[in-house]
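# Report on the structure
Here is what each chain is made of, one letter per residue.
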Amino acid sequence: MRDQFPFAVARVTRRWRKMLDERLKDLGVTQARWSTMVYLQQGGEGLTQRELASLMAIENPTLVRLLDSLEQQELIERRPCPNDRRARRLHLTKAGAAFMDELSERAAVLREEMLEGVTDKEIECALKVFHKIMDNAEKQK
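What you see is a predicted model; the values in this text were computed from it and never measured.

Let's shift gears to helix H4 (residues 60-72). Given 3.6 residues to a turn, an α-helix orients residues that are three or four positions apart in the same direction. With 13 residues, H4 extends 18 Å from end C-alpha to end C-alpha; this agrees with the ideal 18 Å at 1.5 Å per step. Turning to H4, its buried residues number three or more, namely Leu 63, Leu 66, Leu 67, Ser 69 and Leu 70. One face of H4 carries all of its buried residues, which in axial projection span an arc of 160°. Projecting away from the buried face of H4 at angles above 90 degrees are the exposed residues Pro 61, Arg 65 and Gln 72. Check the buried side of H4 and you find it contacts helix H2 (31-43), helix H3 (49-56), strand S2 (76-80) and strand S3 (88-92).

Take the pattern of salt bridges next. Within the structure shown, the criterion is met by eleven salt bridges. For Glu 71, the salt bridge is made with Arg 78, and the minimal N-O distance between the two is 2.7 Å. We classify Arg 78 as buried; its relative accessible area is 19%. For the salt bridge of Glu 77 with Arg 79, the shortest nitrogen-to-oxygen distance reads 2.6 Å. Residue Glu 77 is classed as partly exposed on the basis of its relative accessible area, which comes to 29%. A single salt-bridge network, built from bridges that share partners, covers Asp 26, Glu 102 and Arg 106.

The subject of this paragraph is unusual backbone geometry. The backbone of Ala 57 shows a phi angle near 60°, a positive value even though the residue is not glycine. As for its position among the elements, Ala 57 is in the loop between H3 and H4. Ala 57 gets classed as exposed once you look at its relative accessible area, which sits at 69%. Within the chain, Glu 74 stands out as a residue other than glycine whose phi angle is a positive 60°. With respect to the helices and strands, Glu 74 occurs in the loop between H4 and S2. On the basis of relative accessible area, Glu 74 is assigned to the exposed category, the value being 57%.

Ranked by internal contacts, the top residues of the largest apolar core, which has 23 residues, are Trp 34, Leu 52, Phe 99 and Leu 103. Contributions of two or more residues to this core are made by helix H1 (5-24), H2, H3, H4, S3 and helix H5 (94-114). No other element matches the five residues that H5 contributes to this core. Ignoring sequence-local partners within four residues, the contact set of Phe 99 consists of Leu 27, Val 29, Trp 34, Met 37 and Leu 75.

Bringing a nonpolar patch on the surface into the picture now. A grouping of Phe 5, Leu 127, Val 129, Phe 130 and Ile 133 is seen on the molecular surface, where their side chains present a nonpolar patch of about 390 Å² in accessible area. Considering every element that reaches the nonpolar patch, the biggest residue donor is helix H6 (residues 120-139), with four residues. With respect to the element layout, Val 129 can be found in helix H6. For Val 129, a relative accessible area of 34% corresponds to the partly exposed category.

Scoring rules and cut-offs
Residues numbered from 1 in each chain as written. Predicted model: local features only at pLDDT ≥ 70, side-chain atom pairs only at ≥ 80, totals over all residues. Heavy atoms only, no water. Helix = DSSP H or I, 4+ residues; strand = E, 2+ residues; numbered from the N terminus. Expected span 1.5 Å × (residues − 1). Buried < 20%, exposed > 50% of the residue type's maximum accessible area, 1.4 Å probe, protein only. Arc of directions from axis to C-beta. Contact = heavy atoms within 4.5 Å. Salt bridge = Lys/Arg side-chain N within 4 Å of Asp/Glu carboxyl O. Core = buried A, V, L, I, M, F, W, Y, C linked by side-chain atoms within 4.5 Å. Patch = residues over 30% accessible without salt bridge, like charges linked within 9 Å, V, L, I, M, F, W, Y side chains within 5 Å. Areas by Shrake-Rupley, 256 points an atom, 1.4 Å probe, with all protein chains shown as cover.

See the structure below:
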């Protein structure tokens with residue numbers, strides 16, 4: 001079971017993202033873009049690019065390209081940082097906030113479909129396991 005565990009987690013993650021991507025296709029945003037917006041919203045508006053890259057565990061140049069495309073779609077905006085002239089703070093635009101509302105609604109429907117028959121207790125147990133794994137991973141740094 002231990003050998004199968006990481007592959008099972010990866011399969012579930014890939015499937016979840018693929019299904020959500022299909023349900024968001026009509027909004028014209030790729031998985032990389034919508035996941036960037038999710039991290040921005042969860043991390044709190046006003047994050048710097050460096051903070052968001054760290055939160056997403058990706059390199060800054062990769063994030064810059066994603067942010068450029070989101071900015072072109074007018075879903076996010078970069079604002080000057082009052083404390084550091086070189087830094088820019090990231091914020092959702094009104095269109096970006098509306099997009100996130102739509103994403104949240106569609107994600108909630110998918111989540112309920114995929115978790116059908118799974119109890120809250122089972123979810124709680126799975127989350128505890130994932131937290132332990134992440135804690136162990138952090139110790140390896």
